[in-house]
Amino acid sequence: MGRGQKTKKAMIRSVFDFIGVPVLLLLFILFFIAESKYQLRKRVQARFKRIVINFIVSIPAFTLLRFLFLPIMVWLAFKNETIQFGANYIYSLTLWMEGLIAFLILDYGNYLWHILNHKLPFLWRFHLVHHTDHDLDITTAFRFHFGELIGSVFFRGAITFLSGASPVTVLIYEIFFEAATQFHHSNWKLPFTFEKMLNKLIVTPRMHGIHHSVIRAETDSNFSVIFSFWDRIHKTINLNKRQQQVVIGVPSYDDQKELTIGFLLKLPFTSIRPWKKYTSDINTNDNELKY
Ligand SMILES: [Zn+2]
């Protein structure tokens, strides 16, 4: 094992395993309690069954994240340091400023990656697994098919390389990325005015709830992961919807009984059903204040 290999492993352990994982676990407990106490959208499925399904589906994806995705990203960042390549090597700023710029580039890359997951049929096969959940809560943040993670290595790897992010920035970004994913998938009803304010900067549960809607035009909005301004800049933002009117899921996969662990893991390799038009009996023409 070379020296670089050792440093890489030690860095992932000290930043991600010893700081990131405990922080993320703590946040998980916090969001879980918060969404249980202050529920935003009404649940349509049995909670325990979903917890089991979403966690089991997440095991291969999380294993790959820790042992394939992270080592590759950190390796790319170390490579950048050696060959002095990437955006951060063009200018000479303070460490904090360079870190912040790299962080923004990585987050913008994820906004684009998320759009590709919806627009390219091959990527949608995998991302669809995440969207078939009929409820949206913190456990949905884990429901990702491992194929999506493998695909992300190439795109997110390229962004990491081009950003010139340092190895520490790459790891810090990943911790924030996971924390943000847990937060905006949670079914936590935050005070309305507070959420509205918070949403000016980051993606919040109400905003991301609309992205998981059965209505195609709504799913095709709100792609940001951490910062919400990517959606504002590109006019892909959609906040004009009351949460009790949001029906979660993909209409072509509306049979809850069908969505077993085995079905979800096999889903990307089957013939994908086209998006069925959703017809609702909910009256949307009320004058209540919208978000
Ligand atoms: Zn999506």
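Because the structure is predicted, anything quoted here is derived from the model rather than measured.

What counts, and at which threshold
- Residues numbered from 1 in each chain as written.
- Predicted model: local features only at pLDDT ≥ 70, side-chain atom pairs only at ≥ 80, totals over all residues.
- Heavy atoms only, no water.
- Donors = N, O, S within 2.8 Å, 3.2 Å for Na, K, Ca; no water.
- Helix = DSSP H or I, 4+ residues; strand = E, 2+ residues; numbered from the N terminus.
- Buried < 20%, exposed > 50% of the residue type's maximum accessible area, 1.4 Å probe, protein only.
- Contact = heavy atoms within 4.5 Å.
- Salt bridge = Lys/Arg side-chain N within 4 Å of Asp/Glu carboxyl O.
- 1 Å grid on protein atoms, 1.4 Å probe; cavity = no way out; pocket = protein on both sides within 12 Å on 5 of 7 lines; lining within 4 Å.
- Points joined across faces, edges and corners; volume = space filled by probe spheres on them.
- Nonpolar A, V, L, I, M, F, W, Y, C, P; charged D, E, K, R; others polar.
- Axes fitted to C-alpha atoms, helices over the stretch in contact; angles between N-to-C directions.
- Parallel < 35°, antiparallel > 145°, perpendicular 65-115°, else oblique.
- Left-handed = near helix turned anticlockwise from the far one by under 90°.

1. Points about the coordination of the zinc ion
On the protein side, the zinc ion has His114 (NE2), His118 (NE2), His127 (NE2), His131 (NE2) and His211 (NE2) as donor atoms, found 2.2 Å from it. Positions of the donor residues of the zinc ion, expressed as sequence spacing, correspond to H-x3-H-x8-H-x3-H-x79-H. A residue pair is termed long-range when its members are at least 10 positions apart, and His114 in helix H3 (residues 95–119) and His131 in helix H4 (residues 121–131) qualify at 17 residues. For His114, a relative accessible area of 9% gives the class buried. A residue is classified by how much of its surface remains accessible, and His131, at 1% relative accessible area, is buried.

2. A word on the environment of Phe142
Turning to its location among the elements, Phe142 is positioned in the loop between H4 and helix H5 (146–163). On the basis of relative accessible area, Phe142 is assigned to the buried category, the value being 12%. With 40 residues separating them along the chain, Phe142 and Ala102 place their C-alpha atoms 25 Å apart. For Phe142, the contacting residues outside a window of four places in its chain are Phe28, Asn54, Phe55, Ser58, Phe62 and Gln182.

3. Points about the pattern of salt bridges
Once the charged atoms of two side chains with opposite charge are near each other, the side chains can pair. One pass over the structure, following the stated rule, counts 13 salt bridges. For Asp133, the salt bridge identified is with Arg50, shortest N-O distance 2.8 Å. Within this pair, whereas Asp133 is found in the loop between H4 and H5, its partner Arg50 is found in helix H2 (residues 47–83), the two being separated by 83 residues in sequence. Here Asp133 and Arg50 have matching classes, each one buried. Where Lys119 meets Asp220, a salt bridge forms, and the shortest distance between an N and an O atom there is 3.8 Å. In this pair, Lys119 sits in helix H3 while Asp220 sits in the loop between helix H9 (216–219) and helix H10 (229–233), placing the two residues 101 residues apart along the sequence. Relative accessible area serves as the criterion here: at 22%, Asp220 is assigned to the partly exposed category. Through salt bridges with shared partners, one network takes in Arg43, Arg50, Asp133, Asp137 and Arg143.

4. Some details on empty space enclosed by the protein
As enumerated under the stated definition, the model contains two cavities of 30 Å³ or more in all. Taken as a whole, the largest cavity holds about 400 Å³ of empty space. Looking at the largest cavity, it is lined by 28 residues, and the ones nearest its centre are Phe144, Glu148, Arg156, Phe177 and Thr181. Sorting the residues of the lining of the largest cavity by element identifies H2, H3, H4, H5, helix H6 (167–185) and helix H8 (205–211) as the ones contributing at least two each. If one sorts the elements of the lining of the largest cavity by residue count, H6 sits on top with six residues. Partitioning the lining of the largest cavity into residue classes produces 11 nonpolar, 13 polar and four charged.

5. Side note on the packing of H2 against H5
Two elements in contact, H2 and H5, have axes whose closest approach is 10 Å; the angle formed by their N-to-C orientations is 15°. Classified by the angle between their axes, H2 and H5 sit roughly parallel to one another. As for how H2 packs across H5, the hand of that crossing is right-handed. Across the interface between the two elements, Pro60, Ala61, Leu64, Leu65, Leu68, Phe69, Ile72, Met73, Leu76, Lys79, Asn80 and Ile83 from H2 touch Phe146, Leu149, Ile150, Ser152, Val153, Arg156, Gly157, Thr160 and Phe161 from H5. When the residues that make up the contact of H2 with H5 are grouped by side-chain class, the tally is 15 nonpolar, four polar and two charged.

6. A look at the environment of Arg216
Inspection of the secondary structure assignment puts Arg216 in helix H9. For Arg216, a relative accessible area of 41% translates into the label partly exposed. Each C-alpha atom, one on Arg216 and one on Arg156, is 26 Å from the other, the two residues being 60 residues apart in sequence. Once residues within four sequence positions are removed from consideration, Arg216 is found in contact with His118 and Trp275.

Scope: geometric values only; no functional claims are made or implied.
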